[in-house]
Every structure is written in structure tokens, then in C-alpha cells.
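Residues per chain are reported as follows:
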Amino acid sequence: MKPEEINNLLMPFSVELNLETGEMLNPKNHIVRKASDMKGYYADSDALNNLIEKKNDPLHYEVFEVPVPAESGQLMYCISKLQPGKIGDEFFMTKGHYHSIAETAELYICLRGKGYMAMKTSAGKWNAQKMTRGKMVYVPPCWAHRSINTGKEPLISFCVYRGDAGHNYGDIEQEGFPKRIFERGGKVVIE
Ligand code: S6P
Ligand code: ZN
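Calculation rules
- Each chain carries its own residue numbering, running from 1 in the written order of its sequence.
- Naming scheme: in the order in which they are written, chains are lettered from A and ligands are numbered from 1.
- The predicted nature of this model means local features are confined to residues of pLDDT at least 70 and side-chain atom pairs, given and counted, to a pLDDT of 80 or more, with totals for whole chains, interfaces and linings taken over all residues.
- Only hydrogens and water are removed before side-chain values are computed, so all heavy atoms of the structure are retained for them.
- For Na, K and Ca the donor cut-off is 3.2 Å; for every other metal, N, O and S atoms count as donors within 2.8 Å. Water does not enter the count, which can leave sites looking incomplete.
- Only two sets of limits are used to name each site, 85 to 135 degrees for every angle of a tetrahedral four-donor site, and over 155 degrees for opposite donors with all other angles from 65 to 115 for a square planar four-donor or octahedral six-donor site, with any other site named irregular.
- Only runs of H or I of at least four residues qualify as helices and only runs of E of at least two qualify as strands under DSSP, and these elements are numbered from the N terminus.
- The buried label applies to any residue whose accessible area, calculated with a 1.4 Å probe on protein chains only, is under 20% of its type's maximum; exposed applies above 50%, and partly exposed to all values in between.
- Ring geometry is summarised as follows: Phe, Tyr and Trp rings, the Trp one being its six-membered ring, pair when their centres sit within 6.5 Å, and such pairs are stacked at plane angles under 30 degrees, edge-to-face over 60 and tilted between the two.
- Charges are assigned to positions over rings by a cutoff of 6 Å between ring centre and Lys NZ or Arg CZ, combined with an angular limit of 35 degrees from the ring normal.
- Residues are classed as near a molecule or strand on a simple rule: at least one heavy atom within 4 Å of it.
- Polar contact is defined as a pair of N or O atoms within 3.5 Å, subject to the rule that within protein one atom must be able to donate a hydrogen and the other to accept it, and that residues adjacent in sequence are counted only when both atoms are side-chain atoms.
- Under the convention used here, a 1.4 Å probe and the Shrake-Rupley method define accessible areas, while residue burial counts only the protein chains that appear.
- As a working rule, the residues Ala, Val, Leu, Ile, Met, Phe, Trp, Tyr, Cys and Pro are called nonpolar, Asp, Glu, Lys and Arg charged, and the rest polar, with Gly in that last group.
- A pair of strands counts as paired when DSSP detects no fewer than two bridges linking them.
- Here an angle of 0 to 180 degrees is reported between the N-to-C directions of two axes, which are lines fitted to C-alpha atoms, with helices fitted over the stretch in contact.

Caption draft 1: Representation of the coordination of the zinc ion (ligand 2). Note on the zinc ion (ligand 2): its protein donors are His97 (NE2), His99 (NE2), Glu106 (OE) and His145 (NE2). The metal-donor distances range over 2.1 to 2.3 Å. Around the zinc ion (ligand 2), the 6 donor atoms sit at angles spanning 70 to 176 degrees, and that spread fits a shape best called octahedral. We note that the donor set of the zinc ion (ligand 2) lies within a single chain, spaced as H-x1-H-x6-E-x38-H. Here His97, found in the loop between strand E7 (90-91) and strand E8 (106-112), pairs with His145, found in strand E12 (residues 144-149); they are 48 residues apart in sequence, far enough to count as distant. Accessibility assignment for this pair places His97 and His145 in one class, buried.

Rendered as C-alpha cells:
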């Protein structure tokens, strides 16, 4: 098919990143997750409730997007910015999800900070890749994924995946991940 025959032909466009801060300058979507959005995700729910009450429900993470049509030929991309901190001994993390089209791969590039990309399959396989500035992590099809910030500054990454992938949070809400990442005696411990 010639481009001229495609309905609603998308015009090329550009988006600017601040490479110092790793942030997208003019996102169209800004998704904000606060501590209270994370109920049920951490091992120590009392510590999470304490943080929500005593620190006035602080910012947990943000996603910046310029959305594209949810079509298979499009590439959806975003910036993810996860604050540093711990709930009890457990490092701050994102909720984690499969994609609604489970056979979706996703590429992450870590722009700032340090941590891990934890991944799991519905059959119980688990893997974690270190995230540091300049690291590209490939999340293959069918792997749920979540970022975990083990550093002292925000963990910022760029990600890209097929435009019609969608997100499936429900399965991870039910299943969780087989391993968590804690700080114990000043060390990062995965267990
Ligand atoms: C989207 C991609 C990221 C996450 C973001 C927040 O497919 O994996 O943009 O959405 O890191 O994490 P979560 O688990 O709350 O979507
Ligand atoms: Zn994803």
C-alpha cells in the first residue's frame, strides 16, 4: 500500500529530551503514581502505610509519553522516572506488568540512576538485569517487567514497544514477582 493510501497518515514529529536530567520536555501524557497507588505491592504494608501518612503520600514514579495510535506498526515510547527510597528494607519499584498482547518485546535504555529490571514469565521463570546509565535491557516477549531503584537518585529510563501492546496489570497484582530486592546491612540483597 502506498503511504498516500493509508487512512490518517501520521505526520513525522520530534520530541526533545533533556539528556542531563533524562526527562522528556513536552510530554502529552504524564502518569503519576504516588505511594498510595502501591498498596499491595510491597512486603511490608505497614511501612508503606506509614510513609503515606507521615510523608503526605509522596510521589513514587512518573511516566512521560507522547502517545501514538495504538496500531501494530507504530512504536510507543516513554520516559519512566522512579524515585529513590525504601519501603521498610525494600527498594522502591514500579508496579510491573505484562502487555495485553503478551508477545510484546520492549527495549529499555537506562539514562540515569541505578537499579534493576526484574522480569518474570507466567510459568515462573525469573530474571533481573542491572540498570545503569547507558545500559540497554531487552525485555523479550511474554516477560512481565518492573523497574527497581537501588540508588540514591531517580532511576530514569527510555522504553519503546509496539503501539498496540496495551498493559496488563491485573495478573501481576495477583501473582506478584518471585523475588524482591532489599537493602540489608548496606548491601543489595535479592531474595
Ligand atoms: C511501558 C513501560 C514503562 C512502564 C513504567 C511504569 O510498557 O514498561 O513505561 O510503564 O516504567 O511502570 P508500570 O509497571 O507501572 O507500568
Ligand atoms: Zn512494558
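Caption draft 2: Fine view of the packing of aromatic side chains. Using the criterion set out here, one finds 1 aromatic pair in the structure. Lying over the aromatic face of Trp126, Lys179 brings its terminal NZ or CZ to 5.3 Å of the ring centre. When the ring centre of Phe182 is taken as origin, the NZ or CZ atom of Arg184, which lies over that ring, is 4.2 Å away.

Caption draft 3: Summary view of the site of ligand 1. Contacts to ligand 1 come from 16 residues, most closely from Tyr61, Gly96, Glu106, Tyr108 and Tyr169. Take His97: an N or O atom from its side chain is 3.0 Å from an oxygen atom of ligand 1. The fraction of the free accessible surface of ligand 1 (390 Å²) that becomes covered by protein chains is 97%. Secondary-structure elements contributing two or more residues to the shell around ligand 1 are strand E4 (59-65), strand E5 (75-82), E8 and strand E13 (155-162). Of the residues belonging to the shell around ligand 1, the class tally is 7 nonpolar, 7 polar and 2 charged.

Caption draft 4: Geometry of the sheet that holds strand E9 (residues 114-120). Across the sheet, which stays open at both edges, the 3 strands sit in the order E10-E9-E12 with antiparallel pairing between neighbours. Two strands bound the open sheet, and with one partner strand each, they are strand E10 (126-132) and E12. Taking the axes of each pair of neighbouring strands and ignoring which way they run, one obtains an average angle of 20 degrees across the sheet. Summarising the sheet, E9 and E10 pair through 7 bridges and their orientation is antiparallel. Among the inter-strand pairings, Ala118 is bridged to a residue of E10, identified as Ala128.

The values are spatial; any link to function lies outside them.
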